[in-house]
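An overview of the molecular structure
For reference, the chains in residue letters:
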Amino acid sequence: MVERPRGQIAPPPLLHMETNMKIVSETGSHNAAVEKLVAEAFGPDRFAKTVYRLRNGIEAEASLSLVALDKGEVVGTLRFWPIEIEGGVPALLLGPLVTAPERQGEGIGSRLMKAGLARAAEQGHRIVVLVGDEPYYRRFGFTRALARRLSLPGWVDPARFLARELVSGALAGVAGMIGHPGMEAVPAGGKVRQAA
Ligand SMILES: CC(C)(COP(=O)(O)OP(=O)(O)OC[C@H]1O[C@@H](n2cnc3c(N)ncnc32)[C@H](O)[C@@H]1OP(=O)(O)O)[C@@H](O)C(=O)NCCC(=O)NCCS
């Protein structure tokens, strides 16, 4: 046991993720591990979901694609996609965000979110939308209210359609359908049960 002068409080034990985990830009060498994490989290049905159809045909923003690495192993992933809101307003679609099941609850998702949003703001992006669990994403400033005048090209549960401004007021007066940059038509989907 370490002797301490009277009154000195012992520092808290270091968490595993604090010592070993780092957030870095995704590179090609991470791709297979990222796809595996996403496939395990969302299953084969994911491709029918509205957000997947929206991502189809466009590339994720390479400079905003992040992975959480621990000793070289990918333990988390976050990507952003360029989209456009009717009227020519550029925005980002966030997702998927996944933490490896055995590493959930260590703050990896939060670190990916904070790093990704900070980087997006630094790059001058102003609006981010996502489809996901509001009880999780509200801690990062996402609300249903900010998305209420926006629409996606397919069914989503309105309770899960969220937006966040990276610049205060960026969504003021913005309304309408979300599509690909340049507002190319997004292919219609088949039967869509749920979006995430
Ligand atoms: C959602 C997810 C990315 C969170 O990652 P994580 O690294 O565990 O997150 P953090 O450690 O930063 O945060 C954990 C906290 O979020 C909470 N949380 C996790 N998932 C949540 C959810 N779906 N709804 C509400 N809260 C959630 C945990 O209860 C925990 O709360 P606490 O801080 O009060 O203890 C992870 O659970 C995951 O990969 N899930 C499967 C894929 C998924 O659902 N992705 C999100 C798309 S909606």
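Described below are features of the structure shown in this document. (Residues numbered from 1 in each chain as written. Predicted model: local features only at pLDDT ≥ 70, side-chain atom pairs only at ≥ 80, totals over all residues.)

**Some details on the overall build of the protein chain**
A tally of helices and strands in the protein chain yields 5 helices and 8 strands. For the protein chain, the sequential pattern of α-helices and β-strands runs α-β-α-α-β-β-β-α-β-α-β-β-β. Scored against the burial criterion, the 196 residues of the protein chain give a buried share of 33%. (Helix = DSSP H or I, 4+ residues; strand = E, 2+ residues; numbered from the N terminus. Buried ≥ 20, exposed ≤ 12 C-beta atoms within 10 Å, placed from the backbone.)

**Some details on the pairing of strand S2 (residues 66-70)**
Put simply, side chains in a regular strand alternate between the two faces of the sheet. In this structure, strand S1 (residues 21-25) lies alongside S2, joined through 5 bridges in antiparallel fashion. What sits directly across from Met-21, in S2, is Asp-70. In terms of strand pairing, S2 meets strand S3 (residues 73-85) through 5 bridges, oriented antiparallel. Across the sheet, residue Ala-68 finds its bridge partner in S3, namely Gly-76. (Pairing = 2+ DSSP bridges.)

**Remarks on helix H4 (residues 108-122)**
The end-to-end C-alpha distance of H4, which contains 15 residues, comes to 21 Å, matching closely the 21 Å that a straight helix rising 1.5 Å per residue would cover. Those residues of H4 not exposed but buried are Ile-108, Gly-109, Arg-111, Leu-112, Met-113, Gly-116, Leu-117 and Ala-120. Of the residues trailing H4, Gly-124 is marked for its positive phi of about 95°. (Expected span 1.5 Å × (residues − 1).)

**Overview of the site of the ligand**
Lining the immediate environment of the ligand, one finds 16 residues, of which Thr-99, Gln-104, Gly-109, Ser-110 and Gly-132 sit closest. If you list the elements that add at least two residues to the shell around the ligand, you get strand S4 (89-99), H4 and helix H5 (134-137). Classifying every residue of the shell around the ligand by side-chain character gives 7 nonpolar, 7 polar and 2 charged. (Near = placed C-beta within 6 Å. Nonpolar A, V, L, I, M, F, W, Y, C, P; charged D, E, K, R; others polar.)

**Observations regarding the nonpolar core**
Leu-92, Leu-93, Val-128, Val-129, Leu-130, Leu-162 and Ala-163 are the most contacted members of the largest nonpolar core, which totals 44 residues. Every element with two or more residues in this core is listed here: helix H2 (31-42), helix H3 (50-55), S2, S3, S4, H4, strand S5 (127-131) and strand S7 (161-165). Filtering out sequence-adjacent residues up to four positions away, Val-128 remains in contact with Ala-91, Leu-92, Leu-94, Leu-117, Ala-120, Ala-163, Arg-164 and Leu-166. (Core = buried A, V, L, I, M, F, W, Y, C linked by C-beta atoms within 7 Å. Contact = placed C-beta atoms within 7 Å.)

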